[in-house]
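So you can see what is in the structure, the chains are spelled out below.
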Amino acid sequence: MTVSGVAAGAVVVGGDYRGLGIVRSLGRQGVPVRVVHGSDRLAVGSRYCIAAVHVPDGEPDRLIDTLLELAPGATSSERPVLFATSDETAWLVSRHHARLAERYRLTVPEWDVYSAAADKWRVHQAAAAIGLQAPLCWHPHGVAELGDLDIDDAAFPLIVKPTRREARNALTTAKAWRARDRRELVARYRAALDVLPPDQLMLQEWIGGDNSHQLAVAAVCAAGEPRYVVAARRTRQYPREVGRASCFVETIEDPELVKDATRLTTELGIDGLVEVEFKRDAEDGQPKLLDVNVRVWGWHSIGAPAGVDFAHAAYRAALGERLEFRAGKVGVRWSRLAVDLPYAVRDVVTGRMRVRQLTDSLRPPLEGPVSARDDPVPALLELPYLAAGLTRRRGR
């Protein structure tokens, strides 16, 4: 198909609920937004999406070619702002940063910064260098080296996880595989080697504590310094143990957590959007660093009601505007209800949660990434799209 050029505005790569949040954030501010999407089309249904282009999943070269077509020969004042909404697309955009920067203003850092901040092993090393608490980690280079590691039996359970997520496979989709003992660790690690090379695999200590111990600091940074920032408790996630995404989040006051995250983002020199994930260890009560997401995260739409509209702030920063420091309001609650409610009801049935806890958490006002009075169509599309996505995952 012939793609018309983009004179201004923004281009969002990804049509899921994360992309929808960006489309709405910018569209409500009068910014024209186009969406480049694969199988996820939720954002395309938004009234704020002025045009959409489909690129099949798993075709990175075609995606880059399409993005270059979308902004042919744009002048510096006409270059649209480009947002990547997934790890795969963020890695891709950063790899092609120089080519894309000729036609776009990018919200993904250059390769040297991005590849250090989005690689989990390199982040673990950076955290150790500044004395930030984190789980014990190991980085073997093959099965033979796995047997030489000094891992005490008391360290189990451990998880096998990818150091980066540039492409989808069984492990990156699951996020991590848990091993309860040495025998299971070897089996899990061998299975991981079927989908990733050893330099992209690591082992990590499992941090105890229920999901109320899941914490995060989200920000828009300038040279590592958070300008718009909020701390949050990620109370519910799915799957429960190794969550691929949060489904209930509430903003909290935790200045020490923000200080820890700021030390890390400053060390890494991150510009733009970032989420730093922690878990408070049930044994010693200390928050331990888990992951860093150097792209828009699932619950970023909590920002606008908390007074820190992350997507619009990242857009303004990409245009060269200097952002004054702003901290988000405490007590704002967010739920991806179509996913959160079934999981929460199951927790009530199994005795993990009381009915009162569930009803209190979902009382209004409650923010969400899909339903909106000024933009109703995506809410009508969500359940069919979720069902289609589940079918695709089961097929893979």
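Participant: Just checking my understanding: could you explain the packing of aromatic side chains for this structure?
Facilitator: One pair of aromatic rings is described through two measures. These are the centre distance and the angle between the planes. Applying the stated criterion to the full structure yields five aromatic pairs. Taking the centre distance of 5.6 Å and the plane angle of 65° together, the rings of Trp91 and Trp111 count as edge-to-face. Separated by 20 residues along the polypeptide, Trp91 in helix 3 (residues 87-95) and Trp111 in helix 5 (residues 111-117) bring together distant segments of the chain. Residue class for Trp91 comes out buried when judged on its relative accessible area of 1%. On the accessibility criterion, Trp111 (26% relative accessible area) is partly exposed. Between the NZ or CZ atom of Arg178 and the centre of the ring of Trp206, over which it lies, the distance is 4.3 Å. A cation over a ring is seen here: Arg236 above Phe248, with NZ or CZ 4.4 Å from the ring centre.

Participant: Sorry if this is basic, but what is going on with the sheet that holds strand 6 (residues 137-138) here?
Facilitator: Across a sheet, paired strands are connected by hydrogen bonds in the backbone, their directions being either parallel or antiparallel. The sheet built from four strands is open, its strands ordered 6-9-7-8 with antiparallel pairing. Looking at the sheet topology across the chains shown, the edges are occupied by strand 6 and strand 8 (177-179). Examined bridge by bridge, strand 6 and strand 9 (residues 201-205) share two bridges and lie antiparallel to one another. Bridge pairing links Trp138 to Leu203 in strand 9. Helix-sheet contacts for helix 9 (residues 182-193) involve strand 7 (158-162), strand 8 and strand 9, and the interaxial angle to strand 8 is about 155°.

Participant: Teacher, can you tell me more about the packing of helix 1 (residues 17-27) against helix 11 (residues 310-318) here?
Facilitator: In helix packing, the relevant descriptors are the interaxial angle and the interaxial distance, both defined with respect to the helix axes. Look at helix 1 against helix 11: their axes get within 8 Å of each other, and the N-to-C directions meet at 65°. It follows that helix 1 is roughly perpendicular to helix 11 by the angle criterion. Regarding helix 1 and helix 11, the two cross each other, and that crossing is right-handed. Two secondary-structure elements touch here, helix 1 through Ile22, Ser25 and Leu26 and helix 11 through Ala311, His312 and Tyr315. Across the contact of helix 1 with helix 11, the residue classes tally to four nonpolar, two polar and no charged.

Rules used in this analysis
- Residues numbered from 1 in each chain as written.
- Predicted model: local features only at pLDDT ≥ 70, side-chain atom pairs only at ≥ 80, totals over all residues.
- Heavy atoms only, no water.
- Phe/Tyr/Trp six-rings, centres within 6.5 Å; stacked < 30°, edge-to-face > 60°.
- Helix = DSSP H or I, 4+ residues; strand = E, 2+ residues; numbered from the N terminus.
- Buried < 20%, exposed > 50% of the residue type's maximum accessible area, 1.4 Å probe, protein only.
- Lys NZ or Arg CZ within 6 Å of the ring centre and 35° of its normal.
- Pairing = 2+ DSSP bridges.
- Contact = heavy atoms within 4.5 Å.
- Axes fitted to C-alpha atoms, helices over the stretch in contact; angles between N-to-C directions.
- Parallel < 35°, antiparallel > 145°, perpendicular 65-115°, else oblique.
- Left-handed = near helix turned anticlockwise from the far one by under 90°.
- Nonpolar A, V, L, I, M, F, W, Y, C, P; charged D, E, K, R; others polar.

What is shown is where atoms sit, not what they do.
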